[in-house]
Amino acid sequence: MSSFDDSDAFEAAARPSLSARAMAARPATYLDGLNPAQREAVETLNGPVLMLAGAGTGKTKALTARIAHLLTTGTARPNEILAVTFTNKAAREMKTRVGTLLGEAVEGLPWLGTFHSICVKLLRRHAELVGINGVTGPNGASDAVIETATGPTTHLKSNFTILDTDDQIRLLKQLIVAAGIDEKRWPARQLAGVIDGWKNRAWTPDAVPEAEANAFDRRGVELYAAYQQRLVTLNAVDFGDLLLHTVSIFQNHDDVLDQYRRWFRYILVDEYQDTNVAQYLWLRLLAGGHHNICCVGDDDQSIYGWRGAEVGNILRFEKDFPGAHVVRLEQNYRSTEHILAAASGVIAGNKGRLGKTLWTAAKGGEKVRLIGHWDGEEEARWIGDEIEAMQTGTRGMDPKTLNQMAILVRASHQMRAFEDRFLTIGLPYRVIGGPRFYERLEIRDAMAYFRLAVSLDDDLAFERIVNTPKRGLGDKAQQKIQMAARQNGVSLYEGARILLEAKGLTGKGAKELARLCDGLQRWHAITLTGSRSHIELAEIVLDESGYTEHWQNDKTPEAPGRLENLKELVKALENFDNLQGFLEHVSLIMDNESEDAEAKVSIMTLHAAKGLEFPAVFLPGWEDGLFPSQRSMDESGLKGLEEERRLAYVGITRAEEVCTISFAANRRVYGQWQSQLPSRFVDELPEDHVTVLTPPGLYGGGYGAAAPQADTFEERVAKADVYNSPGWKRMQSRGANYQTRQPSEAKNIVIDAEAVSAFAQGDRVFHQKFGYGIVMGIEGDKLDIEFDKAGSKKVVARFLVAAAQADDVPF
DNA sequence: TTGTATCTACTTTTT
DNA sequence: GTAGATACAA
């Protein structure tokens, strides 16, 4: 995995290994099986090309064939091709597919990646042009050859750190407080969103238009400027900066731009409908000379408007690049006739489309299935049962493996219902797009230690770990350190040293802080002398800092997993020569796409599902307010609704054979029950292509059935206040970033006394946390219930259910 | 300084 | 139903 070597990829241009080998490959291999439209898109090599590719029309196939064609015909060398995708996954897939097309020649194509990963590479070379750089050579050049302690010379590049959303918010919060602004009126989260929006439009603080600035009270812009200033001091950039800075460099330094225009002779862009203004400018600048740009997109699949994506970019392609060759891919190879028709029916409700008519040669197949449920939990239950049934074949359909099925939700909080249910019945599932590996608490902590070891003045990292694990350094002590640092104009680490020197701290805190500082100094020395390998160093840091021990002593259920992750982190170091190299790239490689062998149902958001396909797809939660999302409609009106509709279109078109749409009449929102109306998109489905299923339902009728009697014992149990019952423990950790409360293993569930008398031995009960159980016995006001244990269907866990005092239970 | 209970405000979607 | 903020006890 040493392909992340940041060595100058351009220099490799002299080495034509891949193209040489590719030349030898038979052209027929990659042109085979392409339809005329795809072939046209592949073979029109020069000048601007816009590929309007509908869902499932083989656009990735065409795109990869185009790359193969460029290489095979000797039109471009691997490093002269700039191919941009939106996700790492898409980039990886494209790389693999090009490799397959051209034999095993996958090395090369150094400039195939996401906008972000490419910008990181570019920015590492030119960061000094935007004033960001911790490593400066004689002439202020980041590439400078520098004398270091390790040897005569070392080739260094800018070592800025990339902040993630958490860091960003933490920083903004500090600035808001420092500016004496009310945190309630200017929540850091919101400000981060506003600034992000500005960056997506490639506005630097001084370039934010008046009207926009005024809309945010001007303070927004002031804070933005202060934030950028702070980032420079910290030698850091955030996600938005990666693009913003790169665009600024291209705009203000013609020589640099010209160089890249010469280098990148062919540009390919996937998912062009999702480019935002900054990305658009970036592309237009780079393609400015030769116009050899090929964009692929589908205006009907534009679902990132909230992130600044402009469908307008695709609509105006022909204006931006006169003489553009437009190719439409309209033959769908993925879905059945009914599924395609249903999707087309829904998307037809949108105005202002480029308009494509997808068609398929495949006839027949399953109609789209529609089903209404009583509530969200029943929906999850039904889908769970249906998935189990589908494995052996149900309703006349072929059996499907779990890997062939997916549940696509609008908002990630919808996932929990499914996870809960699947745990209860022991159905293997995988959540795609959860917190990424490097976003996890323990990884971020460990990384902060590593960052500090590499450079002692990384204040953000210092702040993060001074008191993790607990060192008796609370708010007061940390303020003192900050003060000492600010007064002397030094880093927090130096500040801490000064504070200790001046005996500004006493007792345990002082001792621990001194130990930490000594440790940091020691580790830093190792990075300089290289007396230990970076892997050993990482282990030393984690051990000596007490961080590993901290998790070993932790008794929460996650602790073992976190220790595992730490081990994995250290293992990942093997792919790098030193810590610096690792730190530069970790955020790009640590994608937690572990390919596990076990068959599992996938659960993901509709956004995460773009580009994927599954034989069977479930689309739950089609209720107005949830989908289309109320917020989207409130904020963006018709435009928002249309984007939601495109999302519906994306969802349906993920399905190859079976698509099941469902909604519930009642759903818990913020812990409160709310009745829901079916989504307006449900009524937009063309009836001829839909079958309505009847749910078996505990209440016997699904949506529209009479409401059940309130307070059945099941409900009483479900309402039990689990967190306040004996045997449940709440856990909290103080700290800027996390606070968790977790129940230990339950012994007792408290329900109200009246409910206890409603139980009889042998009753089948249902509890929202534990799932199904059976009442084994009743002693006075105590019930003995055996719950089906999560993860297997065997009944193992046994709980005592005690009646609460009348005033214990807030009904 | 740390641990715990209680109040409050919030949940789209992501590189 | 959750996580962060806050208040207060240990």
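Before any of the text, the structure's been laid out above.
Residues numbered from 1 in each chain as written. Chains lettered and ligands numbered in written order. Predicted model: local features only at pLDDT ≥ 70, side-chain atom pairs only at ≥ 80, totals over all residues. Heavy atoms only, no water.

**Focus on helix 26 (residues 559-572)**
Then step 1. Taking 1.5 Å as the rise per residue, helix 26 with 14 residues should run 20 Å; its terminal C-alpha atoms sit 20 Å apart, in good agreement.
Then step 2. What helix 26 keeps buried is the set Ala559, Arg562, Asn565, Leu566, Leu569, Val570 and Ala572. Within helix 26, the buried residues cover an arc of 160° as seen down the axis, which keeps them to one side. Exposed and oriented more than 90 degrees from the buried face of helix 26 are Pro560, Lys567 and Lys571. (Helix = DSSP H or I, 4+ residues; strand = E, 2+ residues; numbered from the N terminus. Expected span 1.5 Å × (residues − 1). Buried < 20%, exposed > 50% of the residue type's maximum accessible area, 1.4 Å probe, protein only. Arc of directions from axis to C-beta.)

**Examining the protein's contact with DNA strand B**
Then step 1. Neighbouring DNA strand B are 28 residues; Arg410, Ser412, His413, Arg436 and Arg631 lie closest to it.
Then step 2. The protein-proximal atoms of DNA strand B, defined as those within 4 Å of the protein, are 48% sugar or phosphate.
Then step 3. Between His116 and DNA strand B, the recorded distance is 2.9 Å, taken from a side-chain N or O atom to a base oxygen.
Then step 4. Take Gly472: an N or O atom from its main chain is 3.0 Å from a phosphate oxygen of DNA strand B.
Then step 5. Within the residue set of the surface near DNA strand B, elements represented by two or more residues are helix 21 (475-488) and helix 28 (630-652).
Then step 6. The element contributing the most residues to the surface near DNA strand B is helix 28, with three residues.
Then step 7. Of the residues contributing to the surface near DNA strand B, the split by class is six nonpolar, 12 polar and 10 charged. (Near = heavy atom within 4 Å. Polar contact = N/O pair within 3.5 Å; in protein donor to acceptor, adjacent residues only side chain to side chain. Nonpolar A, V, L, I, M, F, W, Y, C, P; charged D, E, K, R; others polar.)

**Here's the deal with the side chain of Asp274**
Then step 1. Mapped onto the fold, Asp274 is located in the loop between strand 8 (266-269) and helix 13 (277-287).
Then step 2. Each residue touching Asp274, except ones within four places of it in the same chain, is listed here: Phe86, Gln279, Gln301, Ser302, Ile303, Tyr304, Ala309 and Lys610. (Contact = heavy atoms within 4.5 Å.)

**A few points about unusual backbone geometry**
Then step 1. Residue Pro469 is bonded to the preceding Thr468 through a cis peptide linkage, with omega at -5°.
Then step 2. Tracing the backbone shows Pro469 in the loop between helix 20 (459-465) and helix 21.
Then step 3. Of the consecutive residues Phe627 and Pro628, the connecting peptide bond is found in the cis state with omega at 5°.
Then step 4. Along the polypeptide, Pro628 turns up in the loop between strand 15 (614-619) and helix 28.
Then step 5. Here Asn235, not a glycine, exhibits a phi torsion of approximately 55°, which is positive.

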